[in-house]
Amino acid sequence: MRVPRFAAHVVAIVVIAVLVTPVVAQEWPSSTVRVVVPYAAGGPVDVPARLLIERLAAQTKGVFILENRPGAGGSIGLQAVVQAAPDGGTLLLTTSSVTMVPTIYPKLAFDPLRDLTSISLVTEVPISLAVRAASPFRDLADLIARAKAEPGKYTFGSGGVGTGNHLAGELLKKLAGIDLLHVPFRGVAPALTALYAGDIDMLFASTVETVSHARDRRVRVLGVGSPQPMPELPDSPAIGDLVPGYVATNWYGLFGPRGLPAGVLTRLQAELPKAGADPALKEKAAALGMTMILLPADALRARIEAEVPRWKQIIPDIGLKVE
């Protein structure tokens with residue numbers, strides 16, 4: 001039986017596609033891979049990102065470099081990746097703030113599901129409320145009572161306007177019925193310096209940033225944003241125990257530009273679980289108060305689908321100025 005010429009061409013194309021995809025997966029990374037972190041060096045995203053790319057480099061024998069592109073709540077680095085060539089040479093490791101950008105910066109016309117390729121839900125980290133060791137606040141109840149008695153007197157710092165840490169502070173203001181003044185910084189490191197100096201009264205930051213300081217007794221963590229207390233911070237209750245409905249966690253996701261080749265995505269999906277199972281990586285992550293979960297792309301997309309509409313309701317409601 002003769003195969004029609006058109007049908008033969010279709011068969012040939014399908015066969016070529018089947019043969020080529022594994023080859024692309026095997027060859028990546030054939031050149032340097034730039035992993036953009038849209039926050040300052042040494043911060044809560046930067047540190048686990050370095051751990052992860054070190055492991056990926058060892059597994060794939062590739063060259064990975066981390067590029068910090070901080071500013072505008074992570075949107076500067078985000079734009080750099082959106083505009084990058086979708087060839088596997090540029091990836092993005094960012095936080096759940098990627099779901100807040102469409103509401104905070106509507107002029108960007110950014111849609112994380114449309115403009116990025118979801119790769120992996122890397123980890124989830126609670127946000128914590130920290131004060132300096134010598135702070136007069138005895139505990140969270142005392143802080144709330146004082147803030148109610150003197151509205152607008154106390155300040156809280158964050159790593160920048162529109163970050164998850166900033167919105168965690170705004171959410172506490174709303175749910176606890178208190179008035180705090182937000183003081184944004186270019187990253188959490190300078191905010192911690194300001195906390196130590198007494199320039200701000202409290203700080204909302206990822207537990208990745210506060211666990212070591214709490215262990216060294218340089219700060220006291222009055223509460224965490226996870227539904228349950230954390231083993232790494234046994235003296236810090238869940239804020240939701242005192243303020244009903246309060247949950248503030250920050251997840252990290254790995255993305256590529258829109259149109260990332262299927263072969264690259266396939267290779268990453270194969271390598272990331274291996275990285276997560278590495279005992280050394282687990283140990284280093286645990287020391288930071290985090291677990292590398294490295295769930296597949298559908299888990300990351302599900303988070304985005306749930307949180308973009310959620311923040312579109314919450315952000316205007318808490319009075320955050322939309323630009």
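Refer to the structure printed above.
Note that the structure is a prediction, hence the values are computed from the model and not measured.

### A few points about the pattern of salt bridges
A side chain of one charge can pair with a side chain of the opposite charge if their charged atoms are brought near each other.
Part 1: Summed over the entire model, instances satisfying the criterion amount to 15 salt bridges.
Part 2: As a salt-bridge pair, R50 and D46 come within 2.9 Å of each other at their nearest N and O atoms. With R50 and D46 both in helix 2 (residues 46-60) and 4 residues apart, this pair spans about one turn of that helix.
Part 3: Taking relative accessible area as the criterion, R50 reaches 33% and is therefore assigned partly exposed.
Part 4: Taking relative accessible area as the criterion, D46 reaches 3% and is therefore assigned buried.
Part 5: R138 is the partner of D142 in a salt bridge, and the nearest nitrogen-oxygen pair spans 3.5 Å.

### Points about the packing of aromatic side chains
Part 1: This model, assessed by the stated rule, comprises 3 aromatic pairs.
Part 2: When the centroid spacing of 5.2 Å and the interplanar angle of 70 degrees are considered together, the rings of F137 and Y154 count as edge-to-face. Here F137, found in the loop between strand 4 (116-132) and helix 6 (140-149), pairs with Y154, found in the loop between helix 6 and strand 5 (155-158); they are 17 residues apart in sequence, far enough to count as distant. The two residues F137 and Y154 agree in class, both being buried.
Part 3: Seen from their ring centres, F156 and F204 are 5.4 Å apart, and the 85 degrees between their planes marks the pair as edge-to-face. Of this pair, F156 sits in strand 5 while F204 is found in strand 7 (residues 202-206), placing the two residues 48 residues apart along the sequence.
Part 4: Given the relative accessible area of 0%, F156 is considered buried.
Part 5: Judged by relative accessible area, F204 falls into the buried class, the value being 1%.
Part 6: Between the NZ or CZ atom of R310 and the centre of the ring of W311, over which it lies, the distance is 4.9 Å.

### Points about the pairing of strand 1 (residues 33-37)
Part 1: A large share of strand 1 lies buried, amounting to 4 of its 5 residues.
Part 2: Here strand 1 pairs with strand 2 (residues 64-68) via 5 bridges, running parallel. Bridging across to strand 2, V35 finds its partner in L66.
Part 3: The handedness of the strand 1 to strand 2 crossover, carried by helix 2, is right-handed.
Part 4: Across 3 bridges, the pairing between strand 1 and strand 3 (residues 90-95) is parallel. Considered in strand 3, the bridge of V36 is made with L92.

Calculation rules
- Residues numbered from 1 in each chain as written.
- Predicted model: local features only at pLDDT ≥ 70, side-chain atom pairs only at ≥ 80, totals over all residues.
- Heavy atoms only, no water.
- Salt bridge = Lys/Arg side-chain N within 4 Å of Asp/Glu carboxyl O.
- Helix = DSSP H or I, 4+ residues; strand = E, 2+ residues; numbered from the N terminus.
- Buried < 20%, exposed > 50% of the residue type's maximum accessible area, 1.4 Å probe, protein only.
- Phe/Tyr/Trp six-rings, centres within 6.5 Å; stacked < 30°, edge-to-face > 60°.
- Lys NZ or Arg CZ within 6 Å of the ring centre and 35° of its normal.
- Pairing = 2+ DSSP bridges.
- Right-handed = clockwise from strand over helix to strand, strands pointing away.

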